Amino acid sequence: MSQSIPDQTAPWRKKLHDVIFLADTPAGKAFDVVLIVAIILSVIVVMLDTVESYSARYGEILIALEWIFTGLFTVEYVLRLLTAPSAGRYARSFYGLVDLSAVLPSYLSLLFPAGRFLLVVRGLRVLRVFRVLKLVEYVGEAAVLGRALRASRVKITVFLVSVLTVVLIVGAAMYLVEGPESGFTSIPRAAYWAIVTLTTVGYGDIAPQSSVGQALASLVMILGYGIIAVPTGIVTVELGRAAEHRPRPSAGAPTGGSGPTCGRCGMDGHLPDSRFCRGCGERLGG
């Protein structure tokens, strides 16, 4: 999330803003690299803490590391609030909420010290794994993927409704053909079998026994291979369109400007007085 800050702002605040929000300078790039490494390491710590053998052996170390990361992300969040052009707008933005969620579970866990709330505490600690969402800010192509998914939503919705219809019809037919004696005790359970079979997962906890049921199952299996390819094709086409319609900088366009980096598509090299991104048209700063 990149924003511009007025020139009349205190020099220390503007300099700190450029380091935290912009990736055009060596200091800004170094800050981003350190933050990405910290995010990955903190997620690894949370994951290891859920492994019983590691938690029993290195529990104290993992807890200490967790609080170190919590302190680091807390400082980062406070600095972003102090240097953002609008603290309220940043706090309500997607990345602001993600940054807050990166530290909030740790502090909330302190409010539940009683033994009967240990399960709640563990749940709050697991929520910290969502710090990985902070990495989205550093993936410029995420904007292209987002546009492709938004463009595909109607087609995907129609596709899912069609699949749901097929699942219900096949489930009802299998319930009538096999019946409770083969494990198809109800239409919802038969529909569950249809979903498992259609997606080629095949748990094997329920299986048709009659010839008619096995023939129907064979058709569902074959249909499953075709169905899996449909949403992939839809999104792939939209990704291609999104990439084609993404403006490219002209040969004479500057590529090393010191202006803001677009928080939407990640394009940098804008002129200092640029108001809109030359790549996606997003307003810079605001």
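Residues numbered from 1 in each chain as written. Predicted model: local features only at pLDDT ≥ 70, side-chain atom pairs only at ≥ 80, totals over all residues. Heavy atoms only, no water.

1. Section: the environment of Lys 14
At step 1: Among the structural elements, Lys 14 can be located in helix 1 (residues 11–21).
At step 2: Residue Lys 14 is classed as partly exposed on the basis of its relative accessible area, which comes to 25%.
At step 3: Between the C-alpha atom of Lys 14 and that of Thr 83, which follows or precedes it by 69 residues, the distance is 7.1 Å. (Helix = DSSP H or I, 4+ residues; strand = E, 2+ residues; numbered from the N terminus. Buried < 20%, exposed > 50% of the residue type's maximum accessible area, 1.4 Å probe, protein only.)

2. Some details on helix 2 (residues 26–49)
At step 1: With 24 residues, helix 2 extends 35 Å between its outermost C-alpha atoms, agreeing within 8% with the 34 Å of an ideal straight helix rising 1.5 Å per residue.
At step 2: Within helix 2 the residues assigned to the buried category are Gly 28, Asp 32, Leu 35, Ala 38, Ile 39, Ser 42, Val 43, Val 45, Val 46 and Asp 49. (Expected span 1.5 Å × (residues − 1).)

3. A few points about the nonpolar core
At step 1: Core analysis: the largest hydrophobic core is formed by 15 residues, its most contacted members being Val 163, Val 167, Phe 184, Trp 193 and Leu 198.
At step 2: Elements with a contribution of two residues or more to this core: helix 8 (142–178), helix 9 (187–198) and helix 10 (211–244).
At step 3: The next biggest cluster of nonpolar side chains, apart from the first, holds 8 residues, and it includes Leu 62, Phe 69, Phe 73 and Val 103. (Core = buried A, V, L, I, M, F, W, Y, C linked by side-chain atoms within 4.5 Å.)

4. Some points on the packing of aromatic side chains
At step 1: In this structure the tally under the stated criterion is 6 aromatic pairs.
At step 2: Ring centres of Phe 21 and Tyr 90 lie 6.1 Å apart, and the angle between their planes is 90 degrees; this geometry places the pair in the edge-to-face category. One end of the pair, Phe 21, is in helix 1; the other, Tyr 90, is in helix 4 (residues 87–92), with 69 residues separating them in the sequence.
At step 3: Residue classification places Tyr 90 among the buried residues on the basis of a relative accessible area of 0%.
At step 4: A connected cluster of aromatic rings, assembled from ring pairs, spans Phe 21, Tyr 77 and Tyr 90.
At step 5: Positioned above the aromatic ring of Phe 21 is the side chain of Arg 80, whose terminal nitrogen or guanidinium carbon lies 5.2 Å from the ring centre. (Phe/Tyr/Trp six-rings, centres within 6.5 Å; stacked < 30°, edge-to-face > 60°. Lys NZ or Arg CZ within 6 Å of the ring centre and 35° of its normal.)

5. Focus: the packing of helix 3 (residues 52–83) against helix 5 (residues 94–101)
At step 1: The interhelical angle for the contact between helix 3 and helix 5, taken along N-to-C directions, is 150 degrees, at an axis separation of 9 Å. Our classification of the angle between helix 3 and helix 5 gives roughly antiparallel. Once helix 3 is placed against helix 5, the crossing between them reads as left-handed. Together, Glu 76, Tyr 77 and Arg 80 of helix 3 and Gly 96, Asp 99 and Leu 100 of helix 5 make up the contact between the two elements.
At step 2: Taken together, the residues of the contact of helix 3 with helix 5 break down into 2 nonpolar, 1 polar and 3 charged. (Axes fitted to C-alpha atoms, helices over the stretch in contact; angles between N-to-C directions. Parallel < 35°, antiparallel > 145°, perpendicular 65-115°, else oblique. Left-handed = near helix turned anticlockwise from the far one by under 90°. Contact = heavy atoms within 4.5 Å. Nonpolar A, V, L, I, M, F, W, Y, C, P; charged D, E, K, R; others polar.)

6. A few points about the confidence of the model for the protein
At step 1: Per-residue pLDDT for the protein averages 79, and the proportion of residues at 70 or more is 74%.
At step 2: Across the protein, the element-wise mean pLDDT spans from 54 in helix 7 (residues 118–126) up to 93 in helix 9.
At step 3: Residue range residues 115–119 is modelled with pLDDT below 50. Its contacts to residues more than four positions away, or to other chains, number 1 contact. (pLDDT = per-residue confidence, 0-100.)

7. Quick look at the side chain of His 17
At step 1: In this fold, His 17 is placed in helix 1.
At step 2: Among the polar contacts made by the side chain of His 17, one reaches the side chain of Asp 18 at a distance of 3.3 Å. (Polar contact = N/O pair within 3.5 Å; in protein donor to acceptor, adjacent residues only side chain to side chain.)

8. Description of helix 5
At step 1: Looking only at helix 5, the buried set comprises Tyr 95, Gly 96, Val 98 and Asp 99. Considered in projection along helix 5, the buried side chains sweep an arc of 160 degrees and stay on one side of the axis.
At step 2: On its buried side, helix 5 packs onto helix 3 and helix 4. (Arc of directions from axis to C-beta.)

9. Thoughts on the pattern of salt bridges
At step 1: Summed over the entire model, instances satisfying the criterion amount to 4 salt bridges.
At step 2: Here Asp 18 and Lys 14 are joined by a salt bridge, their closest N and O atoms 3.7 Å apart. Taken together, the residues span about one helical turn, with Asp 18 and Lys 14 both in helix 1 at a distance of 4 residues.
At step 3: Note that Glu 238 is salt-bridged to Lys 155, the shortest N-O span being 3.4 Å. On the criterion of sequence distance, the pair formed by Glu 238 in helix 10 and Lys 155 in helix 8 is long-range, its members being 83 residues apart.
At step 4: Lys 155 gets classed as partly exposed once you look at its relative accessible area, which sits at 39%.
At step 5: Put simply, Glu 76, Arg 80 and Asp 99 are held in one network by salt bridges that share partners. (Salt bridge = Lys/Arg side-chain N within 4 Å of Asp/Glu carboxyl O.)

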